[in-house]
Amino acid sequence: NLAEMTLLGVPVPPGFTISTDVCRRFNKNDRIPPDLKPDVEKALAKVERVMGRRFGDPAQPLLVSVRSGARVSMPGMMDTVLNLGLNDQTVQGLASSADDRFAYDSYRRFIQMYGDVVLDIPKHRFEERLTEAKRRAGVKLDMELSEAALRKLCASYKALIKKESKRPFPQEPMQQL
């Protein structure tokens, strides 16, 4: 839909498409096709030029969203992952252009989406930690959590990912992608 809106002249953020053929090749060979990485790097460089930001830049990070784009929604389709490119350094750059609370709320949401969608860690495991953080802070809504509480929640989410996946949350944006 974003590609169609672009063709119609609707202003949408720049992006690129990875075709379903890549998915078929992955499924057939059980690995990412070797020609995908240079193609993604080339497309990402174009987005960087248009946006005037660099993916992984700790001062002014370019954050990307990964969205499934089949013409018809199907069971088992990948959910969207927002704010890909956030890590322990780029969150500081986001904070300098917005504010600390916004940056850490975005980071904790990204870690949760990545853990759920990419690493297949059940969403309820993250929600349990969020509920506990709100209980400890004496608040009812996510948006009432302080920046300090969100920092702790990010650390808790990363610990959950390490425990469940047996590896740390990836800090390298290209590895995340």
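Residues numbered from 1 in each chain as written. Predicted model: local features only at pLDDT ≥ 70, side-chain atom pairs only at ≥ 80, totals over all residues. Heavy atoms only, no water.

**As for the overall build of the chain**
Move 1: A tally of regular secondary structure across the chain gives eight helices and four strands.
Move 2: The C-alpha radius of gyration of the chain comes to 17 Å, within 12% of the 16 Å expected for a compact globule of 177 residues.
Move 3: By its C-alpha atoms, the chain is 50 × 35 × 30 Å across when sized along the principal axes.
Move 4: Burial statistics for the chain: of 177 residues in total, 32% are counted as buried.
Move 5: Roughly 11500 Å² of accessible area belongs to the chain as shown, and the carbon and sulfur atoms make up 54% of that amount.
Move 6: The average position of the 29 basic charges and that of the 23 acidic charges among the side chains of the chain differ by 2 Å. (Helix = DSSP H or I, 4+ residues; strand = E, 2+ residues; numbered from the N terminus. Rg over C-alpha atoms; globule rule 2.2 N^0.38 Å. Buried < 20%, exposed > 50% of the residue type's maximum accessible area, 1.4 Å probe, protein only. Areas by Shrake-Rupley, 256 points an atom, 1.4 Å probe, with all protein chains shown as cover. Lys, Arg positive; Asp, Glu negative; His and termini not counted. Charge placed at Lys NZ, Arg CZ, Asp CG, Glu CD.)

**Considering the packing of aromatic side chains**
Move 1: A full pass over the atoms with the stated rule returns five aromatic pairs.
Move 2: A centroid spacing of 5.1 Å and a plane angle of 85 degrees characterise the contact between F126 and Y157, whose relative ring orientation is edge-to-face. Taken together, the residues span a long stretch of sequence, with F126 in helix α6 (residues 123–137) and Y157 in helix α7 (residues 147–165) at a distance of 31 residues.
Move 3: Classification of F126 by relative accessible area gives buried; the value is 0%.
Move 4: Owing to a relative accessible area of 0%, Y157 belongs among the buried residues under this scheme. (Phe/Tyr/Trp six-rings, centres within 6.5 Å; stacked < 30°, edge-to-face > 60°.)

**Some thoughts on the side chain of Q112**
Move 1: In this fold, Q112 is placed in helix α5 (residues 100–118).
Move 2: Judged by relative accessible area, which is 8%, Q112 ranks as buried.
Move 3: There is a polar contact of 3.0 Å between the side chain of Q112 and the side chain of E127. (Polar contact = N/O pair within 3.5 Å; in protein donor to acceptor, adjacent residues only side chain to side chain.)

**Here's the deal with the packing of α6 against α7**
Move 1: Running from amino to carboxyl end, α6 crosses α7 at an angle of 150 degrees, the nearest separation of the two axes being 10 Å. The orientation of α6 relative to α7 falls into the category roughly antiparallel. Our pair here, α6 against α7, has a crossing hand that is right-handed. Contacts between α6 and α7 involve R125, F126, R129, L130 and A133 from the former and L153, S156, Y157, L160, I161, K163 and E164 from the latter.
Move 2: Considering only residue class, the contact of α6 with α7 consists of seven nonpolar, one polar and four charged. (Axes fitted to C-alpha atoms, helices over the stretch in contact; angles between N-to-C directions. Parallel < 35°, antiparallel > 145°, perpendicular 65-115°, else oblique. Left-handed = near helix turned anticlockwise from the far one by under 90°. Contact = heavy atoms within 4.5 Å. Nonpolar A, V, L, I, M, F, W, Y, C, P; charged D, E, K, R; others polar.)

**Let's talk about the nonpolar core**
Move 1: Ranked by internal contacts, the top residues of the largest apolar core, which has 33 residues, are Y107, F110, I111, L145, I161 and F169.
Move 2: Among the elements of the structure, α3 (36–51), β4 (81–84), α4 (90–97), α5, α6 and α7 are those that each provide at least two residues to this core.
Move 3: Contacts of Y107, omitting those with residues within four sequence positions, involve L86, N87, D88, V91, C154, K158, F169 and Q171. (Core = buried A, V, L, I, M, F, W, Y, C linked by side-chain atoms within 4.5 Å.)

**Quick notes on a nonpolar patch on the surface**
Move 1: On the surface, L2, M5, L8 and V10 cluster together to form a nonpolar patch covering roughly 360 Å² of accessible area.
Move 2: Here L2 lies in helix α1 (residues 2–7). (Patch = residues over 30% accessible without salt bridge, like charges linked within 9 Å, V, L, I, M, F, W, Y side chains within 5 Å. Salt bridge = Lys/Arg side-chain N within 4 Å of Asp/Glu carboxyl O.)

**Focus on unusual backbone geometry**
Move 1: A positive phi is found at N83, a non-glycine position, where the angle reads about 65 degrees.
Move 2: For N83, a relative accessible area of 22% gives the class partly exposed.
Move 3: You will see that K166, though not glycine, has its phi angle at about 65 degrees, which is positive.
Move 4: With respect to the helices and strands, K166 occurs in the loop between α7 and α8 (173–176).

**Regarding the packing of α5 against α6**
The relative placement of two packed helices is expressed as an angle between their axes plus a distance between the axes.
Move 1: Close contact between α5 and α6 brings their axes to 9 Å; oriented N to C, the two are set at 150 degrees. In terms of axis orientation, α5 runs roughly antiparallel to α6. Side by side, α5 and α6 meet where R108, I111, Q112, G115 and D116 of the first sit next to K123, F126, E127 and L130 of the second.

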